[in-house]
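Structural features, examined
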Amino acid sequence: MIRPTAIPSLRSARTSGFAGVCGGVLALFALAQPLLQPPARAQATTPQTVQPAGTDLNLSSVKALLSRGDAAVASGNLAEGRRLYDLARDASRRLLGFYRDLSGSFRGLDARIPREMDDKGREALTLLAESNLRLAALFRRQNQPEVAIPLLVEVVKIMTPTNEGGRKAYQQLVELGFVVTPYTAPGSSTGG
């Protein structure tokens, strides 16, 4: 689109001869210059993962919460440790749900996305189990087995007894007297 300010320079180009024509052409060229430039380089670069500022809903944040909880418990601040483990547990649950939803939404459309979401979902599930195990250990330390038992049962349920985390949780249930029969994993040299 020609700007209204360019019109007078075109009119003056007719009356002033060669210099006016050159000036008019230069004015038009200056107006068209942004249209002639190639698109920005942003399209040529490979897409990168963007983490919005202030968003703590990712696997790294859950790991950081667990580490901070471990440090708080090690320093004797059990209340802060519990709070951080609870936050890690809640974040793991939300991530797990989000990854499952995204995986299901893209099934049959693009196999890469469900595969990635399934991998992330497994990692979120492992972090959920770790959060539960740490919380259960904290409650056991505070002589609150009635609060630890549901967490341990959930670990066995989500990790299964064939997984190391599931075996640890079941062994703690045996230690608490909630179950009596020990579980010996096939091929395992230790019982329970």
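Below is a summary of the structure that appears in this document. No experiment lies behind these values; they were computed from the predicted model shown.

Some thoughts on the pattern of salt bridges
Under the criterion given, the structure shown has 13 salt bridges. Arg82 is the partner of Asp86 in a salt bridge, and the nearest nitrogen-oxygen pair spans 3.7 Å. Pair noted here: Asp86 and Arg82 are both in helix H4 (residues 78-106), with a separation of 4 residues, about one helical turn. Overall, Asp86 belongs to the partly exposed group, its relative accessible area being 27%.

What to know about unusual backbone geometry
With phi around 55°, Asn143 is a residue other than glycine that occupies positive phi space. Along the chain, Asn143 turns up in the loop between helix H5 (112-141) and helix H6 (145-159). The phi dihedral of Thr160 is positive, around 65°, even though this residue is not glycine. Relative to the elements of secondary structure, Thr160 occurs in the loop between H6 and helix H7 (164-176).

Overview of the environment of Arg112
If you trace the backbone, Arg112 turns up in helix H5. One polar contact links Arg112 to Asp110, side chain to side chain, over a distance of 2.6 Å.

Brief notes about helix H3 (residues 59-74)
The end-to-end C-alpha separation of H3 is 23 Å, in line with the 22 Å expected for 16 residues at 1.5 Å each. All of the buried residues in H3 are Leu59, Ser61, Val62, Leu65, Leu66, Gly69, Ala72 and Val73. The buried residues of H3 occupy an angular sector of 160° when the element is viewed end-on, so they sit on one face. In H3, the exposed positions angled more than 90 degrees off the buried face are occupied by Ser60 and Ala74. Buried residues belonging to H3 abut H4 and H5. The N-cap residue of H3 is Asn58: its side-chain oxygen and the backbone nitrogen of Ser60 are 3.1 Å apart.

Describing the side chain of Ser92
In this fold, Ser92 is placed in helix H4. Judged by its relative accessible area of 1%, Ser92 is buried. Here Ala88 takes part through its backbone oxygen, which lies 2.8 Å from a polar atom of the side chain of Ser92. Among residues more than four places away in sequence, those in contact with Ser92 are Val62, Ala124, Leu127, Leu128 and Ser131.

Rules used throughout
Residues numbered from 1 in each chain as written. Predicted model: local features only at pLDDT ≥ 70, side-chain atom pairs only at ≥ 80, totals over all residues. Heavy atoms only, no water. Salt bridge = Lys/Arg side-chain N within 4 Å of Asp/Glu carboxyl O. Helix = DSSP H or I, 4+ residues; strand = E, 2+ residues; numbered from the N terminus. Buried < 20%, exposed > 50% of the residue type's maximum accessible area, 1.4 Å probe, protein only. Polar contact = N/O pair within 3.5 Å; in protein donor to acceptor, adjacent residues only side chain to side chain. Expected span 1.5 Å × (residues − 1). Arc of directions from axis to C-beta. Contact = heavy atoms within 4.5 Å.

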